[in-house]
Each structure stands twice: as C-alpha cells, then as structure tokens.
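The primary structure of each chain is shown beneath.
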Amino acid sequence: MNGALPEPGPGAEAGPEAEAEPQPGTWPEPYAPRARDGTYQPMARREVSLVDLLDRVVGAGVVVTGSLTLSIADVDLVRVDLRALISSVNENVPSPWEGGQPL
Amino acid sequence: MKSDAELRYVYAVTAPFPTALAGDLRGVGDTVPRTLRHGDLVAVLSDVPGDDFGEEPLRAHLEDLDWVSATARAHQAVVDALTAVTCPLPLRLATLYRDDEGVRRALEAGHAEFTETLARLDGRVEWGVKVYAEQPAPQPAEPARPAPTSGRDYLRSRRRAVTARENVLEEAEQLGRALHAALSGYAEDIRIYPAQNPKLSRIPGQNLLNAAYLVPRDTSEDFVARLDQLAGHDPNIRVELTGPWAPYSFAAAERATESR
C-alpha cells in the first residue's frame, strides 16, 4: 500500500505550474508543513506556533498501550503544566504584541 | 551504566518503506533515529538515555517549556521527514519502551489497529486552518486630525470604533463558516480544535476557527487553492494555513469510528 513514494507536496508556493518540478534523489525535501501569513514559508524557518505543535504532538497522535512511562493522565498533566507555565510567563512579562506589534 | 539505562523513544509506526532514513536526520536529544522492523510494520525510534527519558527525569523535563518545545520540534522533524517517503502513524510525544523487545511487543499487540489505521491514512495529509478576527487598527494616526472638539464628536468616533470591531467579528465568523463548509468538501475527516486562547497561544487576534482537515495528497492543491480563493483580502481577518502535517489529528483509532 505504501509501495510507491508519495507525491511531493502540492506546489502551494510556486503556483500551478510547479507540478512539473522534477523530484531528484531518494530523499526529497522533507514534506515540511508551511505557515501561511501572506506568503508560504518553510516551517523550519517561520516556525509553526508551539501551541499548534503541541496540539498535535501532545494532544493528538496515537497512544500506544504498554509503553513504559507516563500514562495518558500524565500527558494531560503536561498540558496543564504547560498552560500554567505559559500563563505565568504572560503575567510576569507583558506580551509583546499588546503594543500593537505582532511578534 | 548509561547503556543499561538506554530506552527506546518511538516516533511513529509505518509500513515498511524502501528508502533509508536520511543520514543527517536528528531526533529527540540530538539522537540518530533508526528503524525497527517487525513483520509488516516498522517502528521509527531513537535510543535515548534513561537519564533524560526515564520516568522521573522525564517528569521533571516535561515541566520545562524549553525542553518540551525542543523535544516536540525534534519529534515532529522526524515524523515530518517520514512523510516524504511513507505515511507515518505519529505516536504521541514521549512514547518509550525499555528495549527493542518491548517495541516489538507493542507492534505485535497493536498490529490490527496499526495496519487498519495506516490503510485509512495512506496518501492523506493533514492541513490546519485557523481564522482570526483582528482588532481593526484603532486609527492612532489621528494626531493629524484635531482632537474631538465636542462630546458629540467623541461619541461618534467611539461608536465608529465599536461598530468596526463588531463588523470585523461578524465578517470573520461568516468567513470561518464559509471556509469550513467549502474545505469540508475536500476532507475525508475533520477535527475541530478548541479556539486558541490568545493569552496562552501568544497569537494575537480572536481565534474563531481552529480546524484540522484530512485531505488526500492528490487533491491537496485544490484544497489550498480553494482556501486562497475564499480567504479574501480583508486585512482584519487573518486566515492561517499550516501543513501539510502528518495526519496527527486523525491517527487515533477512535477517530475512524467517530467519523463513520
């Protein structure tokens, strides 16, 4: 089912003509998620927000029973701790955009 | 001592894939990921030190936002690299086993579920879409204009500001609904996340839609084009697209039953 290499990402940043782009090598560019804020940029550079990342890496994904550490309850604790932490950061440090300056 | 305490950190489960992992790929704790095949399933994992990933140290690390952030990004980097060669079933952050044997047992025990989910997700990617209403600029460039000379002027300008804000919110809600309806047509499955709290997410604007769409790779370009078409150019409404992600939001088995 996974025999063939998947298609490279949709040519979102280069327009429809980009589909003819050749795909050299055995390891294509990682199929990097992109952030959109007017332009498409590789996520590695314009990082996806931590919240989006944690929603997926911590909040979604398969939970395999029988793994060694941290039951699901603990994972939920992680989220709570993180939220508390982020909130406390916000209390002590004025958020950078309140002066009208987006990050 | 350290080697005794090495653990297996598993990023994802996949079907066997023909390519080797990229040599410069690094996983959590700057480790080099490897594959472990068991029957017709592969676990992609790193050997990690128990000093960092054992239960107690891990618990402490998980309260350190910088550590969690770096680990989450490393986890995602591996999963992301895998999407270039196969369809990975991403596991939740910090899925650990004592040894290879433990990983094999997990693959064995979850075999039916893994293969079924992999078949369901093969050739699909996840796109994240968020819609934000931004505060319309409060027209601070007013100094050029004389200050309101009367109470009536003042009230009028206040009313304008309030109306502008309400309009933006309403328009953003409409756009969110229209987008969601249109994008759902391309999606095989949908997951709506709770709206992000700007205080926690540190992302400005009021988040009105926060959704993940499971879209076939083949039609992803149409999905993105449709989004671009609808997103419009209202500077007060921000539409954010992230992806393609590995199908994190649809990887759990219960998603399959829920969506049917």
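Residues numbered from 1 in each chain as written. Chains lettered and ligands numbered in written order. Predicted model: local features only at pLDDT ≥ 70, side-chain atom pairs only at ≥ 80, totals over all residues. Heavy atoms only, no water.

Asker: Just checking my understanding: could you explain the overall build of chain A for this structure?
Answerer: A count of helices and strands for chain A gives two helices and two strands. In sequence order, chain A lays out its α and β elements as β-β-α-α. Counting all 103 residues of chain A, 39% fall into the buried class. On chain A, roughly 6000 Å² of surface is accessible, and the fraction owed to carbon and sulfur atoms is 55%. (Helix = DSSP H or I, 4+ residues; strand = E, 2+ residues; numbered from the N terminus. Buried < 20%, exposed > 50% of the residue type's maximum accessible area, 1.4 Å probe, protein only. Areas by Shrake-Rupley, 256 points an atom, 1.4 Å probe, with all protein chains shown as cover.)

Asker: Would you explain unusual backbone geometry in this entry?
Answerer: Across the chain, the bulk of peptide bonds are trans and the bulk of non-glycine residues have phi less than zero. All names here are of chain B. Between Gly243 and Pro244 the backbone carries a cis peptide bond, its omega angle lying at 0 degrees. Position of Pro244 relative to the elements: it lies in strand 9 (residues 237–245). A positive phi angle, near 60 degrees, is found at Asp30, a position not held by glycine. With respect to the secondary-structure elements, Asp30 resides in the loop between strand 1 (7–14) and strand 2 (34–38). You can call Asp30 exposed: its relative accessible area is 59%.

Asker: Before we go on, may I ask you to explain the packing of aromatic side chains in this structure?
Answerer: Residues and elements named next belong to chain B. A full pass over the atoms with the stated rule returns seven aromatic pairs over all chains. A centroid spacing of 5.0 Å and a plane angle of 50 degrees characterise the contact between Tyr9 and Tyr11, whose relative ring orientation is tilted. Residue Tyr9 is classed as buried on the basis of its relative accessible area of 0%. With 6.2 Å between their ring centres and 80 degrees between their planes, Trp245 and Tyr248 make a pair best called edge-to-face. The buried category is assigned to Tyr248, whose relative accessible area is 1%. One aromatic cluster in this structure is built from Tyr9, Tyr11, Phe53 and Trp67. (Phe/Tyr/Trp six-rings, centres within 6.5 Å; stacked < 30°, edge-to-face > 60°.)

Asker: Teacher, can you tell me more about the environment of Ser157(B) here?
Answerer: Following the sequence through the fold, Ser157(B) ends up in helix 6 (residues 151–184). Engagement of the side chain of Ser157(B) in a polar contact is seen with the backbone oxygen of Tyr154(B), the distance being 3.0 Å. (Polar contact = N/O pair within 3.5 Å; in protein donor to acceptor, adjacent residues only side chain to side chain.)

Asker: Please explain the pattern of salt bridges as it appears in this structure.
Answerer: A side chain of one charge can pair with a side chain of the opposite charge when the charged atoms of the two come close. Residue and element names in this part refer to chain B. Inspection of the entire model under this criterion finds 12 salt bridges over all chains. Notably, a salt bridge pairs Arg124 with Glu188, separated by 2.7 Å at the nearest N-O pair. Residue Arg124 is located in strand 6 (residues 124–133), and its partner Glu188 is located in the loop between helix 6 and strand 7 (189–192); the two are separated by 64 residues in the primary sequence. A residue is classified by how much of its surface remains accessible, and Arg124, at 23% relative accessible area, is partly exposed. For Glu240, the salt bridge goes to Lys130, with nearest N and O atoms at 3.3 Å. Taken together, the residues span a long stretch of sequence, with Glu240 in strand 9 and Lys130 in strand 6 at a distance of 110 residues. (Salt bridge = Lys/Arg side-chain N within 4 Å of Asp/Glu carboxyl O.)

Asker: Would you mind showing me how to read the environment of Val239(B) here?
Answerer: Within the element layout of this structure, Val239(B) appears in strand 9. A residue is classified by how much of its surface remains accessible, and Val239(B), at 4% relative accessible area, is buried.

Asker: Sorry, what's going on with helix 3 (residues 65–83) of chain B here?
Answerer: What sets the pattern is the α-helix's 3.6 residues per turn: residues three or four places apart point alike. With 19 residues, helix 3 of chain B should cover 27 Å at 1.5 Å per step; its first-to-last C-alpha distance of 26 Å lies within 8% of that length. Most of helix 3 of chain B sits out of view: 15 of its 19 residues are buried. (Expected span 1.5 Å × (residues − 1).)

Asker: Is there a simple way to explain a negative patch on the surface in this structure?
Answerer: Together, Glu166(B), Glu170(B), Glu171(B) and Glu173(B) give the surface a local cluster of negative charge. Relative to the helices and strands, Glu170(B) is located in helix 6. (Patch = residues over 30% accessible without salt bridge, like charges linked within 9 Å, V, L, I, M, F, W, Y side chains within 5 Å. Lys, Arg positive; Asp, Glu negative; His and termini not counted. Charge placed at Lys NZ, Arg CZ, Asp CG, Glu CD.)

Asker: Can you help me understand the nonpolar core in this one?
Answerer: Nonpolar side chains tend toward joint burial in soluble globular proteins. By size, the foremost hydrophobic cluster in this structure holds 60 residues, and its most contacted members are Tyr9(B) and Phe53(B). The two domains that each donate at least three residues to this core are domain 1 (7–121) and domain 2 (124–258) of chain B. (Core = buried A, V, L, I, M, F, W, Y, C linked by side-chain atoms within 4.5 Å. Domains from an automatic or database assignment.)

Asker: Where do I start with the confidence of the model for chain A in this structure?
Answerer: Regions with low pLDDT should not have their predicted coordinates read in detail. All names here are of chain A. Confidence in the prediction for chain A averages 47 pLDDT; 17% of positions are at 70 or higher. When pLDDT is averaged over each helix and strand of chain A, the minimum, 36, is found for strand 2 (residues 40–42) and the maximum, 81, for helix 1 (residues 50–57). Between residues 1–46, whose pLDDT stays under 50, and residues either more than four places distant or in other chains, the model counts 89 contacts. With pLDDT under 50 throughout, residues 71–78 is counted as low confidence; its partners more than four residues away or in other chains account for six contacts. (pLDDT = per-residue confidence, 0-100. Contact = heavy atoms within 4.5 Å.)

Asker: Quick question: what am I supposed to make of helix 4 (residues 100–109) of chain B here?
Answerer: Residues and elements named next belong to chain B. Within helix 4 the residues assigned to the buried category are Asp100, Gly102, Val103, Ala106 and Leu107. Viewed end-on, helix 4 has its buried residues packed into an arc of 160 degrees, placing them on one side of the element. Facing away from the buried side of helix 4 by over 90 degrees, the exposed positions are Arg105, Glu108 and Ala109. Residues of helix 4 that are buried in the fold lie against strand 1, strand 2, strand 3 (41–48), strand 5 (96–97) and helix 5 (111–121). (Arc of directions from axis to C-beta.)

Asker: How should the environment of Ala72(B) be read in this particular structure?
Answerer: Looking at the element boundaries, Ala72(B) is found in helix 3. For the pair formed by Ala72(B) and Val28(B), sequence separation is 44 residues and the distance between their alpha carbons is 8.0 Å. Ala72(B) has contacts with Leu53(A), Leu54(A), Val57(A) and Leu93(B), leaving out every residue within four places of it along the chain.

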